[in-house]
Amino acid sequence: MISVPEILKRKEKYPLTMVTCYDHWSAKLLNATDVDLLLVGDSLVMVMYGADDTTQATMDMMVQHTRAVRKGAPNKFIVADMPFMSFRKSLETSIDNATALIQAGANAVKLEGAQGNLELVERLSSSGIPVMGHLGLTPQFIHNFGGFKVQGKSEAAKNQISKDAVALERAGAFSLVLECIPQSLASEVRSQLSIPTIGIGAGLDCDGQVLVLHDLLGFTSGKKPRFVREFCQGRGLVHESVQQFQQAVLDKNFPSSEETYE
Ligand code: KIV
């Protein structure tokens, strides 16, 4: 399993890879790959539960899914998202929530935004809970943004993201996700930091890339965001396989004698 010091060193070497992972069976598959980090993202509430946005994720969900992923992927560094408002009520509750994710099997927690979180990031990272930051299109702020839109376009927004990135590193974050920002801004932020940046819709100049597993496998239907590449035709493969099962049953071709107990 990759460690925090190794993650930090990778900035000078070759890109980090991270994919989302929400359940036991996909964790087992991913455990056998070379991917560096698994993210139990709060996007699970959209992908697994059909919610419209990530504000519907709860601590209970994140803990259950983190536990399932850890069981399936004993060799992977797991980052678990702190869900909406779970790190905003009080320092004590936030620390308890981060502790619950670590005790469920995560190696680190990820939290969105910098303003209002710096004291928590400092407390967690100095207490043995590595923190990954997340700036740019932070989906828990969907109601402020008015939708899933590219961030960091205006001069003021660019400056704020740069300032927040530096503040998160100073507070002790060991890495930073940059989501849906222009490549030029991601490049500028990267050059200001000694911790690695991991991009999603932030261009090639990040120190790593992350994608939602279901997007990269081609399981997601509907409009594909510009930054998603489908490395597999998942929807088609599933459809075809289930249709084959359907036909085999109708044809009395399944189960065969080899698939039947005497
Ligand atoms: O929850 C998630 O899937 C994420 C990624 C988009 C980085 O935070």
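Here the structure is a predicted model, which is why all the values come from computation and not from measurement. Here the residue numbers are simple positions, counted from 1 along each chain's written sequence. Since the coordinates come from a predicted model, pLDDT governs what is reported: local features require at least 70, and pairs of side-chain atoms require 80 or more to be given and counted, while whole-chain, interface and lining totals use all residues. Working from all heavy atoms in the structure, the side-chain values ignore hydrogens and water.

A.B. asks: I tried to follow the pairing of strand β6 (residues 175-179) on my own but got confused; where do I start?
C.D. replies: Each regular strand shows side chains that alternate between the opposite faces of the sheet. Residue burial is assigned from relative accessible area. The probe radius is 1.4 Å, only protein chains are included, and a residue is buried under 20% of its type maximum, exposed over 50%, and partly exposed in between. Under the scheme used here, helices are H or I runs from DSSP no shorter than 4 residues and strands are E runs no shorter than 2 residues, and both carry numbers assigned from the N terminus. Most of β6 is tucked away: five of the five residues are buried. Of the two faces of β6, both are covered, the one formed by S175, V177 and E179 as well as the one formed by L176 and L178. Inspection of the sheet shows β6 paired to strand β7 (residues 197-200) by four bridges, in the parallel sense. Note that in β7 the partner of E179 across the bridge is I200. With helix α9 (residues 183-192) bridging β6 and the parallel β7, this β-α-β connection has right-handed handedness. Two strands pair under a simple rule: DSSP has to find at least two bridges between them. Orienting the strands away from the viewer, one traces the path from the first strand over the helix to the second; a clockwise path indicates a right-handed crossover.

A.B. asks: Is there a simple way to explain the nonpolar core in this structure?
C.D. replies: Within soluble globular proteins, side chains that are nonpolar generally end up buried alongside one another. Note on terminology: a nonpolar core comprises buried Ala, Val, Leu, Ile, Met, Phe, Trp, Tyr and Cys residues joined through side-chain atoms within 4.5 Å. M18, L38 and L176 are the most contacted members of the largest nonpolar core, which totals 69 residues. If one sorts the elements of this core by residue count, helix α4 (residues 59-72) sits on top with five residues. Whether two residues touch is decided by their heavy atoms; if any such pair falls within 4.5 Å, the residues are in contact. Contacts of L38, omitting those with residues within four sequence positions, involve V19, C21, L30, V69, A73, K76, F77, I78 and V79.

A.B. asks: Is there a simple way to explain the domain arrangement of the protein chain in this structure?
C.D. replies: Many analyses report the size of an interface as the accessible area lost when the parts associate. Segmentation of the protein chain into domains returns domain 1 (4-231) and domain 2 (234-262). Source of the domain bounds: an automatic or database domain assignment. Between domain 1 and domain 2, the C-alpha centre-to-centre distance is 39 Å.

A.B. asks: Teacher, can you tell me more about the side chain of S94 here?
C.D. replies: Note that S94 resides in helix α5 (residues 91-103). Since its relative accessible area comes to 2%, S94 is described here as buried. Under the rule applied, a polar contact is a pair of N or O atoms within 3.5 Å (in protein, one hydrogen donor and one hydrogen acceptor; residues adjacent in sequence only if both atoms are side-chain atoms). Within polar-contact distance, the side chain of S94 engages the backbone oxygen of F87 at 3.4 Å. When sequence neighbours within four positions are dropped, the list of residues in contact with S94 reads M82, S86, F87, R88, K89 and L120.

A.B. asks: I'm lost on the site of the ligand in this one. Help?
C.D. replies: Neighbouring the ligand are T20, L39, G41, D42, S43, D81, K110, H134, E179, I200 and V212. Here S43 contributes a side-chain N or O atom positioned 2.5 Å from an oxygen atom of the ligand. Calculation of accessible area relied on Shrake-Rupley with a 1.4 Å probe; when residues are assessed, cover is drawn exclusively from the protein chains displayed. Within the complex, 95% of the 250 Å² of free accessible area of the ligand lies under protein. Ten residue types, Ala, Val, Leu, Ile, Met, Phe, Trp, Tyr, Cys and Pro, are classed as nonpolar, four, Asp, Glu, Lys and Arg, as charged, and the remainder, Gly among them, as polar. Its residues placed into classes, the shell around the ligand shows three nonpolar, four polar and four charged. Proximity criterion: a residue is near a molecule or strand once any of its heavy atoms comes within 4 Å of it.

A.B. asks: Would you mind going over a nonpolar patch on the surface with me for this structure?
C.D. replies: What makes a patch is a set of residues exposed beyond 30% relative accessible area and free of salt bridges, joined within 9 Å when like-charged and within 5 Å when nonpolar (Val, Leu, Ile, Met, Phe, Trp, Tyr). The term salt bridge refers to a pairing of a side-chain nitrogen on Lys or Arg with a carboxyl oxygen on Asp or Glu at a separation within 4 Å. There is a patch of nonpolar side chains on the surface, built from V47, M48 and Y49 and spanning about 260 Å² of accessible area. Note that Y49 resides in the loop between α3 (44-47) and α4.

A.B. asks: What should I look at first to understand the side chain of D42 in this one?
C.D. replies: By the element assignment, D42 lies in the loop between β2 (37-40) and α3. Buried and without a salt bridge, D42 has K110 as its closest oppositely charged side chain, separated by 5.3 Å. Discounting residues that sit within four places of it in the chain, D42 has contacts with T54, A57, M62, D81, E112 and Q140. The positive count covers Lys and Arg only, the negative count covers Asp and Glu only, and His and the chain ends enter neither.

A.B. asks: Sorry, what's going on with the state of the cysteines here?
C.D. replies: Here is the idea: a disulfide is a covalent bond, and it sits between the sulfur atoms of two cysteines. Counting rule for disulfides: a pair of cysteine sulfur atoms within 2.5 Å. Using the criterion set out here, one finds zero disulfides in the structure. Of all cysteine sulfurs in the structure, the one in C206 sits closest to C180, which takes part in no disulfide; the separation is 11 Å. For C180, a relative accessible area of 9% puts it in the buried group. Among the cysteines around C232, which has no disulfide bond, C21 carries the closest sulfur, lying 16 Å off.

A.B. asks: Help me understand the pattern of salt bridges, please; the structure alone is not making it clear to me.
C.D. replies: In total, this model carries six salt bridges according to the counting rule given. Taking the shortest distance from any N to any O, the salt bridge between D36 and R10 comes out at 2.6 Å. Taken together, the positions of D36 in the loop between α2 (24-31) and β2 and R10 in the loop between α1 (4-9) and β1 (16-20) put the pair 26 residues apart, joining distant regions of the chain. This pair shows no difference in class: D36 is buried, exactly as R10 is. In this structure, K110 and D81 form a salt bridge, with 2.7 Å as the shortest nitrogen-oxygen distance. One end of the pair, K110, is in strand β4 (residues 108-112); the other, D81, is in strand β3 (residues 77-81), and 29 residues separate them in sequence.

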